[in-house]
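The chain contents come next:
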Amino acid sequence: MENLLKKIDYNNIPNHVAIIMDGNGRWAKKRGKIRSFGHEKGIYSIIDTLNVCKELSIPYITLYVFSYENWNRPKEEVNSLMELFYKNLKNFLEKIHKKNLRIIIIGELSKFSKCIQKNLVFFIKKTRKNKSGTLILALSYSAREEILRATKNIAKRVYNRELKIKDIDYYFFQNHLYTKNFPDVDLIIRTSGEKRISNFLLWQSAYAELYFTDILWPDFRRKDFIEAIINYQKRKRRFGKI
Ligand code: IPE
Ligand code: IPE
Ligand code: MG
């Protein structure tokens, strides 16, 4: 493991890593268990991942926890996920606070129960001044919804003559997204072998490097995350230049 750390270039640490934590259901099924067993085990992988972020001083990490489209899963699946959030959220967010990480939520929270919303708001406030890094949790998140929401807000301001169309540039648009204060994504990791983005951070990842692994999320550990970072560091990023 320490050999692996020697391969890290500390001058080329990604500023913002985003992870599509996929494969919990398949992980459980392979073990003859119900899907929620996989979701529960996935929490350990999150903790491992956040420890690596601290170790390598990765300033921003976004985790795709629950997509807007995930509300369309069968009722039992949605209910078991909500129960998992309800039972573990406080304890989990307290751990994040102890790691001195700031918590930010992106997504449409109004569909969650009042209790879940209250806990989230409480910890956003409580961790506001934490300095070890920023953990952005994508909950009930859809990139298309985010972009539409920004577009409607901007259109309203144009309609009210507070704004001229010529003032709308990339920077301005970005400032209307949930992620307005955060840097672009440098690296997207997706576990479970699926090679798609599934409506995640479409604007923010315009020039992100993509890393796909067959490992199912509950098996994704410290070593796997460090390997992803090493792989990222070998990429030649050009941003359209030569
Ligand atoms: C990711 O695991 C967690 C959520 C989307 C909530 P899945 O639940 O998608 O697991 P698979 O992809 O069915 O194995
Ligand atoms: C993406 O995984 C969402 C999360 C990991 C939270 P899905 O399992 O929902 O994505 P699809 O349906 O396979 O594209
Ligand atoms: Mg999945």
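Description of the structure in this document.

Focus on the overall build of the protein
A count of helical and extended segments in the protein gives eight helices and six strands. The C-alpha atoms of the protein give 18 Å as radius of gyration, which agrees with the globular expectation for 242 residues (18 Å, within 12%). In terms of principal-axis extent, the alpha carbons of the protein reach across some 60 × 50 × 35 Å. Looking at the protein as a whole, 48% of its 242 residues qualify as buried.

Concerning the packing of helix 3 (residues 35-56) against helix 8 (residues 222-233)
For the pair helix 3 and helix 8, the least separation of the axes is 9 Å and the interaxial angle reads 50°. The pairing of helix 3 with helix 8 is recorded here as oblique in orientation. As helix 3 runs across helix 8, the sense of the crossing is right-handed. Contact residues: helix 3 offers Asp 48, Thr 49, Val 52, Cys 53, Glu 55 and Leu 56, while helix 8 offers Arg 222, Phe 225, Ile 226 and Ile 229.

Describing the sheet that holds strand 3 (residues 101-106)
With respect to topology, six strands assemble into an open sheet ordered 3-4-2-1-5-6, the strand pairing being parallel. Two strands lie at the open edges of the sheet, namely strand 3 and strand 6 (209-212), each paired on one side alone. When strand polarity is set aside, the average angle formed by the axes of neighbouring strands in this sheet is 20°. Against the sheet, helix 8 touches strand 1 (16-20), strand 2 (60-67), strand 5 (187-190) and strand 6, its axis set at about 140° to strand 5.

Some thoughts on the site of ligand 1
If you check the shell around ligand 1, you find Met 21, Asp 22, Gly 23, Asn 24, Gly 25, Arg 26, Arg 35, His 39, Val 65, Asn 70, Arg 73 and Glu 77 and nothing else. Here an oxygen atom of ligand 1 and a backbone polar atom of Gly 25 are 2.9 Å apart. In this structure, Arg 73 approaches ligand 1 through a side-chain N or O atom, which is 2.7 Å from an oxygen atom. Surface burial for ligand 1 is 86%, taken as the share of its 380 Å² of free accessible area covered by protein chains. Sorting the residues of the shell around ligand 1 by element identifies helix 2 (24-30) and helix 3 as the ones contributing at least two each.

Concerning the side chain of Arg 222
Structurally, Arg 222 is set in helix 8. Taking relative accessible area as the criterion, Arg 222 reaches 19% and is therefore assigned buried. A polar contact is formed between the side chain of Arg 222 and the side chain of Glu 55, at a distance of 2.3 Å. Each residue touching Arg 222, except ones within four places of it in the same chain, is listed here: Met 1, Glu 2, Leu 5, Asp 48, Val 52 and Glu 55.

Here's the deal with the packing of aromatic side chains
Per the counting criterion, the structure on display carries 17 aromatic pairs. With a centroid separation of 6.0 Å and 80° between ring planes, the pair formed by Tyr 64 and Tyr 141 is classed as edge-to-face. Of this pair, Tyr 64 sits in strand 2 while Tyr 141 sits in strand 4 (residues 133-141), and the two are 77 residues apart along the sequence. Here Tyr 64 and Tyr 141 have matching classes, each one buried. Residue Tyr 141 is classed as buried on the basis of its relative accessible area of 0%.

How each quantity is defined
- Residues numbered from 1 in each chain as written.
- Chains lettered and ligands numbered in written order.
- Predicted model: local features only at pLDDT ≥ 70, side-chain atom pairs only at ≥ 80, totals over all residues.
- Heavy atoms only, no water.
- Helix = DSSP H or I, 4+ residues; strand = E, 2+ residues; numbered from the N terminus.
- Rg over C-alpha atoms; globule rule 2.2 N^0.38 Å.
- Buried < 20%, exposed > 50% of the residue type's maximum accessible area, 1.4 Å probe, protein only.
- Axes fitted to C-alpha atoms, helices over the stretch in contact; angles between N-to-C directions.
- Parallel < 35°, antiparallel > 145°, perpendicular 65-115°, else oblique.
- Left-handed = near helix turned anticlockwise from the far one by under 90°.
- Contact = heavy atoms within 4.5 Å.
- Pairing = 2+ DSSP bridges.
- Near = heavy atom within 4 Å.
- Polar contact = N/O pair within 3.5 Å; in protein donor to acceptor, adjacent residues only side chain to side chain.
- Areas by Shrake-Rupley, 256 points an atom, 1.4 Å probe, with all protein chains shown as cover.
- Phe/Tyr/Trp six-rings, centres within 6.5 Å; stacked < 30°, edge-to-face > 60°.

Purely geometric stuff here, so don't read any function into it on its own.
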